[in-house]
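Here is how the chains run, residue by residue.
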Amino acid sequence: MLKTEWIKQGYIDEPVDLKAEIRRLCQEKQAVLLAHYYTTGDVQEAADFIGDSLALARKAAETDAKIIVMAGVHFMAETCKLLSPEKLVLCPDLNAGCSLADSCRADDLKRFKEAHPGYKVVSYVNTTAAVKALTDVVVTSGNARRIIDTFPKDEKIIFGPDYNLGSYINAVTGREMLLWQGGCHVHERFSVEAILELKREHPEATVLAHPECKGPVLRVADVVGSTAVLLKYAVEHPAESFIVATEAGILHEMERQCPQTVFYPVPPEVSEGSVGCHCNECQYMKMNTLLKIYNCLKYEWPSVDVDPAIAREAVKPIERMLQLS
């Protein structure tokens, strides 16, 4: 890109090697760059750590970095701030939200709790800090069943916000948790028909699916698990080929760790007459770009803060989860 075009965009003064500059700024400013598995490949390649949201926040808290850059979505930056309140937490694009987190507002959950006295609230980590502050214990997709199993069988539980994950946990535990009607717009869109067609074309392939997917998708899957669990399974079974039903960004790390393995992304459902793509992607995760990360580091903005009163309550269910798991 010509220098005049860079200046016209108003981002930086001159063309640079963005990855190299990001690494230079991280070293210069004692910053750590975190990238979720669902970001683009070039962002993952520039990061210090890649992974799922809570694991990344915990990893950053263990470092001596003064600045955390969370290349993910907004609630993930909040979680980083909860676990590292003394650090400056930056979010490359504040508009990078999350359909799942947005499906459960704190005011709505508060009213729901009041309407169901005596219930414990178990919240998926994909929630805002304000929702976590109303929660008894937080879970991840990887440990949800293990955490739920610590409760007495007759415990009254509100599980949210992901309905599909809650339904899956109910099915495998025999419980009847009261489920919040929320969901991830990406995992809601996976096509069962597409999976079956891919299976017909590649009968030897193992179907991997994230528990945020709808029940019919999970029923045709061979392995159900968090993004980290699916990646681990692929690494441990390199001779297999895989049909993957989770956000397509994970394919970058799967292919990096398993270069001889073939991965088939499951496309989203498409309406009649529309042209479907071959990947199911989260547009919010893809809002993280090298250019935004560069500017974020250079100007140390925009930052993410959490109200101290909310933070004091929001960190408790995370600590409770760590105790239980």
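Residues numbered from 1 in each chain as written. Predicted model: local features only at pLDDT ≥ 70, side-chain atom pairs only at ≥ 80, totals over all residues. Heavy atoms only, no water.

1. Looking at the side chain of asparagine 164
Structurally, asparagine 164 can be placed in helix α10 (residues 163-173). Judged by its relative accessible area of 8%, asparagine 164 is buried. When residues no more than four places from it in sequence are discounted, the contact partners of asparagine 164 are Glu188, Pro211, Glu212, Cys213 and Lys214. (Helix = DSSP H or I, 4+ residues; strand = E, 2+ residues; numbered from the N terminus. Buried < 20%, exposed > 50% of the residue type's maximum accessible area, 1.4 Å probe, protein only. Contact = heavy atoms within 4.5 Å.)

2. Notes on the packing of helix α5 (residues 74-83) against helix α16 (residues 308-324)
Close contact between α5 and α16 brings their axes to 10 Å; oriented N to C, the two are set at 95 degrees. If you check the angle between α5 and α16, you find them roughly perpendicular. Residues Thr79, Leu82 and Leu83 of α5 form the contact with α16, whose own contacting residues are Ala311, Ala314, Val315 and Ile318. Each residue belonging to the contact of α5 with α16 can be placed in one class, and the counts come to six nonpolar, one polar and no charged. (Axes fitted to C-alpha atoms, helices over the stretch in contact; angles between N-to-C directions. Parallel < 35°, antiparallel > 145°, perpendicular 65-115°, else oblique. Nonpolar A, V, L, I, M, F, W, Y, C, P; charged D, E, K, R; others polar.)

3. Quick notes on the sheet that holds strand β7 (residues 157-160)
A sheet is described by the order of its strands in space; here four strands give the open sequence β6-β5-β7-β8, paired in parallel fashion. Among the strands making up the open sheet, the edge pair consists of β6 (137-139) and β8 (178-179). For strand β5 (residues 120-124) and β6, the ladder comprises three bridges, and the chain directions are parallel. By the bridge assignment for β6, serine 123 is matched with valine 138. (Pairing = 2+ DSSP bridges.)

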